[in-house]
Structures are given as C-alpha cells and as structure tokens.
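Here's the letter readout for the chains.
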Amino acid sequence: MNIHIFQGFGQTMGEVAIALLPLIILFAIFQLFFLKLSLRKLLDIAIGILLTFLGLSFFLQGVHIGFLPIGEQIGKSLGAINYTWILIPIGFVLGFFATYAEPAVRVLIQQVERASSGYIPEKVLLYTVSIGVGLSVALSMIRILAGFSIWFFILPGYILALIMVKYSSKTFTSIAFDSGGVATGPMTATFILAMFVGIASVTEGRDPLLDGFGMVALVALAPILSVLTLGILYSRKEKELYVHKETETETDSYDR
Amino acid sequence: MDNIKETIIEVVQSILPITIVITILQFSLIWLPTETFIQFLIGVLMVGIGLILFLLGVNIGMLPIGEMIGSALSKTKIIWLIVFFGFLLGAVVTIAEPDVRVLSTQVDQVSNGEISKTILILAVAIGVGIFVALSLMRIIFSIPITYILAGGYGMIFVLAAFTPSTFVPISFDAGGVTTGPLTVPFIMALGVGVASVLRGKSASQDGFGLIALASLGPILSVLILGVIYG
C-alpha cells in the first residue's frame, strides 16, 4: 500500500500558524488599547483561534492528499478520453450539485426572499443559481476543449451585468454582486479547479496555466446574473403595482 | 450544541455531492488505482473534520474579533483610523483564508514556482485590504456602489491589456476565491458594525456591497502583479 496521509503535515501546520499570526497580532493590539476584554472572554477567543488553527491544518492537509491529486488525475484521465464532449455534461452536473448543496447559497436565498418580500420563492432562486453555476462549469469545459480566451465569456458577462444593473433595484444590485462568491466555495476552488488543470495539461495545445484557471471567475458570474434577472422581474412587478396605484390616485411619484 | 450540529450538517452538505460524483466517476469512467481512491476518501474525511473545526473556530473566535474591532473602531469616529485598520483587517483575514491558500498552491505548482505562493497571497491580501478600506470610505461618504463597480471593472479591462495573458485567468479566479468561509462573515461583521455606529442608518443596505468590492481588489492587484512580472 502506498498511502500518504500525514506527509508534510508539520509543514502545513507551520504554514497555518504563520497565516493566522498577523490576525492574532492585530487582535492583541486592539485588546491592549481598545477592547480590554475580561480573562473569560479572552479564553473563549483563544479556544476559537485554536479550533481555527486545527481546522485549517486538517482542511489543507486533506485537500493536499485528497482533493488536489484526485482532481488532477481525474482531469487527466477524462481529458484523454476519445469522446471529450462528455466533459461538458460532467461539468454541468458537478457545478449544479456543488451549488445546490452549498450552505452559503442558502443564506443568499433567504436574503433575496426577504428583500423581495416573498415574491421570489426560495426554490426559484436555488434552481436559477444552481443551473447558472452548472452552465458556467460546462462553458468552462467548452473553453478548455475549444481553446477560447477567457475574455469571450467574462467581457459579455460583465457588460450584461452592468446593463442589467440599470433596470434592477438598488437592493438587488448589492445582493447580486455580493453573491458572486457564494458558489465559489472550498469545493470549487479545490476539486473542480484541480480537475480543470488536469484536463488542460493533457489536452493538446492547451497551457494549464492559461486555460486551466479562470473557471472560478465564470462560476462567480452565474449567481450575479441570476439574482439580477430575478431582481428585474421583481422590479417590473413592483412597477406594475405602482402604475396601478398611479392611475387610481393620479399622482406621479414615479422614480424607480 | 445546536451550533455544532448545524455546522456538521452544513459541512457534510457541501462535501457530499462532489464526493458522490467523484465516486460515480471512479467506478464508471476513471478506474484510478484503489490506493489513490482510498487516500482520496481519507482526504475527504480530513477536509470534513477540518472544515467543521474551522467553522466552529470562526464562530467562537474570529467573528467576535471582527465585530468587536469593528465597533471599537467606529466609536473612535476618526476616519483615517477606521480606514487604515479596515485595510489591515482585510489583508490579515485574506492571508488566513483557506480558499486563497488552495488557489495559490495550485498556481505555484502549475507555474513551476514562477508565480510563488507567498507573492500571490500577499498580492491578493493587499488587494482585498485596499478595497475593504475603499468600501468603508464608501459607507462613510455614501458613494453609490455602482460608481466604484463600474470604475473598478473599467480599470480591470485597461490593466488586462498590459498584463501577460497568463495572469488574466488567475486574477479573476483570485477575485472569486477571496470570498471564502473566513473573509465573508468577518468583513460583513466589520462593515455592518461600522455602518450602524457611524451613521446610525439601516445597516443592511450599506453592509451589502462590501463583499462585491472585496472581490474586485484581488483581480486588480494580481493584474498589477502581472504587469510588474511582464
């Protein structure tokens, strides 16, 4: 058996310690000059920091021995398959399910439901975002296979988003752009990204550095466009209500 | 206790689907050596345990730190102090962000160390820091978010013309990964704290938008890094 579980674990822990150190120093400065917390509260925070340290170490170690190598190998074997078109549906399935289950997406959905006072039901947004991310990953597969530049997707995507902002309400604009990150959770950044690098490294004429990366960017666009679309639908509905009221009362307080 | 149970459910929910898809792929298309697959399963377990501990730690330790620093800062009412520490906090949190580490590791490996992990993490951290500072200024001076978004994306397109093409995908990915499980709640807590104390207005409207701007920063800073490299 040739299994490495704790290889380099000490190094990972050292790295995590260095990563957390600046935050701890900053907190210590605030504690001395502003906060002056009691010993009990300090103890709570120390436990929190310790848990963060252990958690981060285990997470990174698991990613190093598990998700990264298998992602790359799966990418390499899939990229070498004769019927590479199968990568496109696989990309869709991965993106869809990763998002459908992502806790951060649930938080976004509740926000939107509240902002639209229930007009946009939770399920609608959940499916819109999940399908959007699925399409993004599928498009990224097409990008690798066909060798498109990332601009072909990013530029129209953001231009579309900026145009849609004009027709969407302010609240929805903020939620939309904040939600860009909800789908790019730890699973996307680890497994799916590693898989893309693997695929790019075995596909002829592709540079893993140039073509392997860029998938996260497309995944971040999907929720933005989804929320903006729903935001426009909602503001239309609101406008209708406005127009109705207007014709009834014949005032013109119309500024949306 | 409820908190722990909720966190466990959350983590399992976010890891399980991908693991199932990988398992299906393994036994239908891929057939990697059993050892590799077992090592992967152990890795999944470690990622799961790690994420649970990490999220609990964020809740017990990191978030209270963010909230307390946010409100302590706002109470001073000294604008430059708030903006300066906003920058530091944004940068410091990003250095500890797991997603950013994973992306940088991969970039480091794929580029054979040419774009080193440390430099990339620092660039991303500075980018986030600057934009957290900017968004705090936005809250203080009520600048519409669309101006900063349009200006930021405009600058991205200009910079991209001068940077080596390999840096473009990496920079956009860096923008995506900064919004990870540590940065988002931490920066939200900070922004909401500052907004509610400083102007006593509805925190929700101004707290939003922070994450959007925070993910603009790294795109710009990594593009600039590319210009320097090129």
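Residues numbered from 1 in each chain as written. Chains lettered and ligands numbered in written order. Predicted model: local features only at pLDDT ≥ 70, side-chain atom pairs only at ≥ 80, totals over all residues.

Attention now moves to the overall build of chain A. What chain A contains, in helices and strands, is ten helices and zero strands. If you list the helices and strands of chain A from N to C, you get α-α-α-α-α-α-α-α-α-α. Since a compact globule built from 256 residues should have a radius of gyration of about 18 Å, the 23 Å found for chain A marks it as more spread out than a globular shape. Taking the principal axes of its C-alpha atoms as reference, chain A extends roughly 80 × 65 × 30 Å. Among the 256 residues that make up chain A, the fraction classed as buried is 50%. Counting contacts in chain A only where the partners sit at least 6 residues apart, residues at least 24 apart contribute 86% of the total. (Helix = DSSP H or I, 4+ residues; strand = E, 2+ residues; numbered from the N terminus. Rg over C-alpha atoms; globule rule 2.2 N^0.38 Å. Buried ≥ 20, exposed ≤ 12 C-beta atoms within 10 Å, placed from the backbone. Contact = placed C-beta atoms within 7 Å.)

Turning to the overall build of chain B, a few remarks are in order. The helix and strand tally for chain B stands at ten helices and zero strands. Across its three principal axes, chain B shows a C-alpha extent of roughly 60 × 50 × 25 Å. Relative to its full complement of 230 residues, chain B shows a buried share of 56%. Residue pairs at least 24 apart in sequence account for 84% of intrachain contacts in chain B once pairs closer than 6 positions are excluded.

Residues and elements named next belong to chain B. Contact geometry for helix H6 (residues 145–160) and helix H10 (residues 210–229): axes closest at 10 Å, N-to-C directions at 20 degrees. Classified by the angle their axes make, H6 and H10 are roughly parallel. Relative to H10, the crossing made by H6 is left-handed. Residues Ile 148, Leu 149, Gly 152, Met 155, Ile 156, Leu 159 and Ala 160 of H6 lie in contact with H10, whose contacting residues are Ala 212, Leu 213, Leu 216, Ile 219, Leu 220, Leu 223, Ile 224 and Val 227. Across the contact of H6 with H10, the residue classes tally to 14 nonpolar, one polar and no charged. (Axes fitted to C-alpha atoms, helices over the stretch in contact; angles between N-to-C directions. Parallel < 35°, antiparallel > 145°, perpendicular 65-115°, else oblique. Left-handed = near helix turned anticlockwise from the far one by under 90°. Nonpolar A, V, L, I, M, F, W, Y, C, P; charged D, E, K, R; others polar.)

Turning to the packing of helix H2 (residues 39–79) of chain A against helix H2 (residues 34–76) of chain B, a few remarks are in order. Where H2 of chain A meets H2 of chain B, the axes come as close as 5 Å, and the angle between the chain directions of the two elements is 150 degrees. With respect to each other, H2 of chain A and H2 of chain B are oriented roughly antiparallel. The crossing of H2 of chain A and H2 of chain B is left-handed. Grouping the constituent residues of the contact of H2 of chain A with H2 of chain B by class yields 28 nonpolar, 13 polar and one charged.

What follows covers the interface of chain A and chain B. Counting residues at the interface gives 79 residues for chain A and 79 residues for chain B. At the level of elements, helix H1 (9–35), H2, helix H3 (87–100), helix H6 (151–167), helix H7 (170–178), helix H8 (186–202), helix H9 (208–212) and helix H10 (215–249) of chain A are the ones that each hand at least two residues to the side of chain A that touches chain B. Residue contributions to the side of chain A that touches chain B peak at 24 residues, all from H2 of chain A. Residues belonging to the side of chain A that touches chain B are distributed by class as follows: 56 nonpolar, 20 polar and three charged.

Our next topic: the environment of Thr 184 of chain A. Along the chain, the position of Thr 184 of chain A falls in the loop between H7 and H8. The class of Thr 184 of chain A is buried, set by 34 C-beta atoms lying within 10 Å. Put simply, Thr 184 of chain A and Val 133 of chain A are 51 residues apart on the chain and 9.4 Å apart in space, counted from C-alpha to C-alpha. Here Thr 184 of chain A is in contact with Ala 189, Val 216, Val 219 and Ala 220 of chain A together with Gly 176, Val 177 and Thr 179 of chain B, once residues within four sequence places are set aside.

Further remarks concern the environment of Met 62 of chain B. Residues and elements named next belong to chain B. With respect to the helices, strands and loops of the structure, Met 62 is situated in helix H2. Among the residues examined, Met 62 registers 27 C-beta atoms within 10 Å and is labelled buried. Separated by 120 residues in sequence, Met 62 and Leu 182 place their C-alpha atoms 8.0 Å apart.

A few words now on helix H3 (residues 79–95) of chain B. Helical periodicity: at 3.6 residues per turn, an α-helix aligns residues three or four positions apart in one direction. Helix length check: H3 of chain B (17 residues) gives 25 Å between terminal C-alpha atoms against 24 Å at 1.5 Å per residue, within 8%. Taken together, the buried positions of H3 of chain B are Ile 82, Phe 85, Gly 86, Leu 89, Gly 90, Ala 91, Val 92, Val 93, Thr 94 and Ile 95 of chain B. (Expected span 1.5 Å × (residues − 1).)

Let us look at the environment of Gln 31 of chain A. Take Gln 31 of chain A: it is sitting in helix H1. Here the alpha-carbon distance between Gln 31 of chain A and Glu 204 of chain A, two residues 173 residues apart in the chain, equals 56 Å.

Attention now moves to the confidence of the model for chain B. Detailed reading of the predicted coordinates is not advisable wherever pLDDT falls low. Averaged over chain B, the pLDDT score is 87; the fraction of residues at 70 or greater is 94%. As scored by the predictor, the complex reaches a pTM of 0.88 and an ipTM of 0.91. (pLDDT = per-residue confidence, 0-100.)

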